[in-house]
Amino acid sequence: SNTKEVDVLIIGAGPSATVAASILHKKGYTVHIVEKQKFPRFVIGESLLPRCMENFQKANLIETIESHGFQKKFGAMFAKADEYCDFEFANQFTEGWGWTWQVQRADFDKVLAEEVQNRGVTLEYETEVTDVKFENDGSSTTTVKNKDSEYYIKARYIVDSSGYGKVLPRLLNLEKPSNLPPRTSIFCHVKPRQVSESPERKRIIIIVHLDNVWGWVIPFSDGTSSIGMVGDSEEMDNIKGSMEEQMRHWIANVQALRDRFTDSEFIFEPRKIAGYSSDVKQLHGKGYVLTGNASGFLDPIFSSGVTLATESSALAAELIEKELEGEPVDWDLSYTEHIKKGNAVFKAFIEAWYRGDLQKIFFSENRNEKIRKQICSVLAGYVWDQNNPFVTKPERILANLSQVIR
Ligand code: FAD
């Protein structure tokens, strides 16, 4: 028949999806994932934060990831011409993970998807959700396989983890413009002529170019690296030429890239994306929840994407379980508030970054050890620690600190 019945339908097969799938499957529910593309597929978002390890742990996926030999990440280094400011996650205020990974997402997402399939989750690739109808006791979703045959999925609950696809926000008119200004990023994977030493590869480099233009270097375990530049769209659009010419322009003009990647080979033609910040009017409704990028995205500067994507989906999975067991769930309180809290901390840091305040703090002479540890915990993704003043009142403390330094 062309109708399938499951407890939970998950849209998309990125990390947000597979974390939710793993948790719900383990609880004994039937879980079905539909993914529009064929894996492996490219997606940006390669530098993880230690905090997301807790979500992979909840989903019992740490060992699976570990066995694939991804590059371990122990910190983040900010670089501005010849100045450096290093953060080591082991040396942080909050008790938590001191490391995580830097991953090629095509491989990483495929590893996770295959693992949940092995455990018994069903997954259809090249299957696109085109319509959803909510009914009294669940939903009926129309999917199109290989752009050809239609299938219907009846589900008690839908988790929308469709990332930039934003399936339910679009179908249910939940989209809301982000209040961050439009920004643009150009990026690529490169093969350096000389592979860097292993201590250099164990962390990412965030390059301060201008207050509103920055770059990244994310080394992978195979010796290649992801490099990218991000900035206000106006600024980025000043650079003309083909994608390759634009990327070469940045390599030639940004010292940390020039030192490492002059004459290096591009593994694929550089890609550009713009206007990726997004928001939604609500994160849940009867019979569905939005997780990961489908629920909104802020900015790439602090690598918060996958951490928030897995935090939201792990929490959503736990709440869906409760609801399917017949327990009352206050989604606003237990879900929306938690996600918004974490987002608000990152947002305060993002705004302080693009104002230039954080750079001043990072490169100032008087580096207070306790403050550095507290900032390090936010950079590690520990944005729910109510003992950290940078979590409880980030705007005020960042503004004060940059005043003092000035
Ligand atoms: P995704 O991983 O995007 O997965 C969604 C899946 O849904 C896709 O596979 C897609 O094919 C599928 N899909 C879409 N539409 C449909 C449909 N109609 N039917 C079925 N399936 C569908 N995050 C980090 O953590 N670290 C970083 O360093 C980082 N760098 C970034 C740099 C830039 C320039 C940008 C813009 C973002 C960056 N991010 C980063 C954010 C990161 O890309 C996302 O937060 C993350 O990929 C979200 O994961 P997800 O599981 O929600 O969605």
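Up top you'll find the structure we're talking about.
Parameters at a glance
Residues numbered from 1 in each chain as written. Predicted model: local features only at pLDDT ≥ 70, side-chain atom pairs only at ≥ 80, totals over all residues. Heavy atoms only, no water. Helix = DSSP H or I, 4+ residues; strand = E, 2+ residues; numbered from the N terminus. Near = heavy atom within 4 Å. Polar contact = N/O pair within 3.5 Å; in protein donor to acceptor, adjacent residues only side chain to side chain. Areas by Shrake-Rupley, 256 points an atom, 1.4 Å probe, with all protein chains shown as cover. Nonpolar A, V, L, I, M, F, W, Y, C, P; charged D, E, K, R; others polar. Domains from an automatic or database assignment. Contact = heavy atoms within 4.5 Å. Buried < 20%, exposed > 50% of the residue type's maximum accessible area, 1.4 Å probe, protein only. Pairing = 2+ DSSP bridges.

Describe unusual backbone geometry, listing the residues and the values that go with them.
In this model, Phe39 is joined to Pro40 through a cis peptide bond whose omega is 0 degrees. With respect to the secondary-structure elements, Pro40 resides in the loop between strand E2 (31–34) and helix H2 (52–58). Positioned with a positive phi, Glu126 is a non-glycine residue whose angle comes to about 50 degrees. Summarising the element assignment, Glu126 is placed in the loop between strand E7 (122–124) and strand E8 (127–135). In this structure, Lys147 is a non-glycine residue whose phi angle is positive, near 55 degrees. Mapped onto the fold, Lys147 is located in the loop between strand E9 (138–145) and strand E10 (149–160).

Requested: an account of the site of the ligand, with residues and values cited.
Neighbouring residues of the ligand: 39 residues in total, closest Glu35, Ile44, Ser47, Asn293 and Val306. Within the contact set of the ligand, an oxygen atom lies 3.4 Å away from a backbone nitrogen or oxygen of Ser303. Protein chains shield 96% of the accessible area of the ligand, which is 1,000 Å² for the free molecule. Residue assignment for the shell around the ligand shows that the elements contributing at least two residues are helix H1 (15–26), helix H4 (105–119), E8 and helix H10 (305–324). For the shell around the ligand, the class distribution of residues is 16 nonpolar, 16 polar and seven charged. Looking at the shell around the ligand, you find at least three residues from each of domain 1 (3–72 + 101–177 + 277–341) and domain 2 (183–274).

Describe the side chain of Lys347, and please don't skip the residues or the numbers.
When you line up the elements, Lys347 lands in helix H11 (residues 331–355). The contact partners of Lys347, leaving out residues within four places of it in the chain, are Asn179, Leu180 and Leu298.

Which residues make up helix H13 (residues 369–379), and what values go with them?
Every buried residue of H13 is listed here: Arg372, Gln374, Ile375, Cys376, Ser377, Val378 and Leu379. In the core, the buried residues of H13 are packed alongside strand E4 (75–80), strand E5 (83–88), H11, helix H12 (357–362) and helix H14 (389–392). Count one or two residues on from H13 and you reach Gly381, which has phi positive near 95 degrees.

If you had to explain the pairing of strand E12 (residues 183–191) to someone new, which residues and values would you point to?
Most of E12 is tucked away: eight of the nine residues are buried. Here E12 runs beside strand E15 (residues 225–232); their pairing, made up of eight bridges, is antiparallel. Opposite Ile186, over in E15, you have Met229 as the bridge partner. Here four bridges tie E12 to strand E17 (residues 271–274), and the two strands are oriented antiparallel to one another. Paired with Ser185 across the strands is Ile273, a residue of E17. The pairing of E12 with strand E16 (residues 265–266) spans two bridges and is antiparallel. When the bridges of E16 are listed, Val190 appears paired with Phe266.

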